[in-house]
Amino acid sequence: MTSPARLAMAAVLAVGTSVTLAAGPVTAEVPSQPLRDHASARDFLIGTAVATGPLAGEPSYRDTLNREFNAVTAENAMKWDATEPSPGQFTFTAADQITASAQANGQTVHGHTLVWHSQTPGWVQGLDATAMRDAMGNHIGTVVGRYAGRIATWDVVNEVFDDNGGMRSSFWYQRLGESYVADAFRYARAADPSAKLCINDYNVEGINSKSTALYNLVSRLRGQGVPIDCVGIQGHLAIQYGFPNDLRQNIQRFADLGVDVRITELDVRMQLPADAGKLATQSTYYRNVIDACLAVARCTGLTVWGFTDRYSWVPDTFPGQGAALPYTENYQAKPAYQALHDALAG
Ligand code: G2I
């Protein structure tokens, strides 16, 4: 159904009456507009990570994705191991599948990710400094250039810090020193001057040594004229570890540097089995995160790291934990969905 028709239907049904259509009597509960309608009305991006397997093969996945979200991030399809598995050999089949689907469904695309220590082929990791810098430039130029004008924002560098706020001792850092970060942003700007360029990390939700290191780096780089436009706060939370209550304050301090902020990979895991109490706690986490973002004008979007518990990285990485997303494995909306919905609609 087209959007105006859907809105008209919603308007009819919202009064809670029984209407008679050509097909027969329809009695509807008060309908709930999709997340994306409420988000778009306030110029906000509500996004999800997308996996190519179910996108191609599962109608329920596609329907929910395209009904509810106005932004998408490729969960894996734009990472280096997917796009340039061997030197200079680029494969864009999976990435193209996601961008084409997004374009057909009016979704903004967030690119993830150009320079990371993980999911980067061995051939990159073994290069000497000069060759590594060249490979980085070629990779960024080719990938960002291909999607210039079609990918709105990029995670240019991902997870450059260790958990104490030092620079992560990755092969990038070992071979190139901190300068690889600034270089990556400059290569990306050259390849698509219209894309907003982000630095993205985890465990930076609250104010702590790692988020402060991120803050200091962004401040320093901007002072040097490095083209960095946004900060991504991943948001991989767990109800057993408590909520970062200074999230809003943390978002605000980044915004005050003159950059946009995005919540880029939100999920809220729990020890399985889930029960009503844990799902209720989870929903308050979702609500608190989106409220914190909506409270800061420069917090431009929130992306969940997948939307259905059917496809989530959590159980593979944290055995015994899961149920982290707003929909069940069978695409039933959970209290967490309602929390996002109520915040966006409010
Ligand atoms: O680890 C959670 C996220 C943390 N921030 C960066 C994100 O890019 C990261 O996403 C996850 C994906 O959700 C997983 O799906 O990144 C993982 C890799 O570090 C992804 O897992 C990998 C598996 O480890 C591989 O075995 C698999 O071949 O996904 C690959 C593609 O399905």
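First things first, this report covers the structure right here in the doc. (Residues numbered from 1 in each chain as written. Predicted model: local features only at pLDDT ≥ 70, side-chain atom pairs only at ≥ 80, totals over all residues. Heavy atoms only, no water.)

**A closer look at the site of the ligand**
The criterion, for reference: Working definition: residue near molecule or strand if any one of its non-hydrogen atoms lies within 4 Å of it. Pairs of N or O atoms within 3.5 Å make up the polar contacts considered here, provided that, within protein, one atom can donate a hydrogen while the other can accept it, and that residues adjacent in sequence are counted only when both atoms are side-chain atoms. Exposure was quantified through the Shrake-Rupley algorithm and a 1.4 Å probe, taking into account, for residues, occlusion by the shown protein chains and nothing else. Residues are grouped as follows: Ala, Val, Leu, Ile, Met, Phe, Trp, Tyr, Cys and Pro are nonpolar; Asp, Glu, Lys and Arg are charged; all remaining types, including Gly, are polar.
Every one of the 14 residues lining the ligand counts as a neighbour, but Glu75, Lys79, His112, Glu159 and Glu265 are closest to it. A distance of 3.4 Å separates an oxygen atom of the ligand from a polar side-chain atom of Gln119. Between the ligand and the protein, one listed contact pairs an oxygen atom with a side-chain N or O atom of Trp305 at 2.9 Å. About the coverage of the ligand: the protein hides 57% of its 630 Å² of free accessible area. Split by residue class, the shell around the ligand holds three nonpolar, seven polar and four charged.

**Quick look at the state of the cysteines**
The condition that has to hold: Our working definition of a disulfide is a cysteine sulfur pair at a distance within 2.5 Å. A helix here means a DSSP run of H or I that spans at least four residues, while a strand means a run of E at least two residues long, and both kinds are numbered starting from the N terminus. Relative accessible area decides the class of each residue, using a 1.4 Å probe on protein chains only: under 20% of the type maximum gives buried, over 50% gives exposed, and in between gives partly exposed.
For the structure shown, the criterion picks out two disulfides. With its sulfur 2.0 Å from that of its partner, Cys198 forms a disulfide with Cys230. Taking the torsion about the sulfur-sulfur bond, which here is approximately -75°, the covalent link between Cys198 and Cys230 counts as left-handed. Pair noted here: Cys198 is in strand S7 (residues 196-201) and Cys230 is in strand S8 (residues 230-233), with a separation of 32 residues, a long-range link. The buried category is assigned to Cys198, whose relative accessible area is 1%. Each bonded cysteine of the protein gets a number by its place in the sequence, and the pairs then read 1-2, 3-4.

**Things to note about the nonpolar core**
Defined as follows: Residues belong to one nonpolar core when they are buried, are Ala, Val, Leu, Ile, Met, Phe, Trp, Tyr or Cys, and are joined through side-chain atoms within 4.5 Å.
Membership of the largest hydrophobic core comes to 96 residues, with the highest contact counts inside it found for Trp154, Trp172, Ile199 and Leu302. Residue contributions to this core peak at seven residues, all from helix H13 (residues 276-294).

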